[in-house]
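Observations on chain architecture
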Amino acid sequence: KEFSRYCLDRETLAEFREQLATADAPRTLQDKVSDLSLLVSKIEERLGTTYVDSEGHLALLASQIKHSELMKSAEIYIDGFESFTAREYEIITELMKHGNRVTVVLPMESDLSGHADHELFFNPVRTSMKLREIARNEAVDIEEGIHMGQPLRFKNDELCHFENEFEKYPPK
């Protein structure tokens, strides 16, 4: 399942193994990729093409989006995520290419913060950058980002206090 989630098959692992050998990567890393490649080969031999897990359904979805007439007029909203797997990016790419409009909501303060891996919004900022890169590569128009100054989702005093005091020490 994990191999499928990250779009890893025996061909991809074989290419990666060759790249590691060419780059003179540490032997332990090359051996680990060889072991993974052997595992994937044995899994594929054993299961063949008849077994499809949930990740296989996602691969099928990604390949069929371009054939959907409904998708051409669809406005798609993606909310509740901070990051995506390789397979999910594959689906989002197809949605961007073939959908009318794709809106992705990410929990972050702005594009100007969260670039260091220790920052609170690092993952969503990295996801935003990756989605923008995909859109540019696929020649998909990118609308101006909207950043909500005030949270509209939660009206709870305790959560507001927690959010305001999160990075302050000592808290009030």
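Everything quoted here is computed from the prediction, not taken from an experiment.

The rules we used
Residues numbered from 1 in each chain as written. Predicted model: local features only at pLDDT ≥ 70, side-chain atom pairs only at ≥ 80, totals over all residues. Heavy atoms only, no water. Helix = DSSP H or I, 4+ residues; strand = E, 2+ residues; numbered from the N terminus. Contact = heavy atoms within 4.5 Å. Pairing = 2+ DSSP bridges. Right-handed = clockwise from strand over helix to strand, strands pointing away. Patch = residues over 30% accessible without salt bridge, like charges linked within 9 Å, V, L, I, M, F, W, Y side chains within 5 Å. Areas by Shrake-Rupley, 256 points an atom, 1.4 Å probe, with all protein chains shown as cover. Salt bridge = Lys/Arg side-chain N within 4 Å of Asp/Glu carboxyl O. Buried < 20%, exposed > 50% of the residue type's maximum accessible area, 1.4 Å probe, protein only.

1. Looking at the side chain of T93
In this fold, T93 is placed in helix α6 (residues 86–98). If near-sequence neighbours (up to four positions away) are discounted, T93 is found in contact with I134 and E138.

2. Focus on the environment of E75
Examined against the element boundaries, E75 turns out to sit in strand β1 (residues 75–78). Separated by 24 residues in the primary sequence, E75 and G99 place their C-alpha atoms 6.7 Å from one another. If near-sequence neighbours (up to four positions away) are discounted, E75 is found in contact with N100 and R101.

3. A closer look at the pairing of strand β2 (residues 101–104)
As defined by bridge partners, β1 adjoins β2 across four bridges and the pair is classed as parallel. Among the inter-strand pairings, E75 is bridged to a residue of β2, identified as R101. Crossover connection from β1 via α6 to parallel β2: handedness right-handed.

4. Remarks on a nonpolar patch on the surface
Nonpolar side chains collect at one region of the surface, where L36, L39, I43 and L47 lie side by side and expose about 310 Å² of accessible area between them. Its place among the elements puts L36 in helix α3 (residues 27–47). Among the residues examined, L36 registers a relative accessible area of 32% and is labelled partly exposed.

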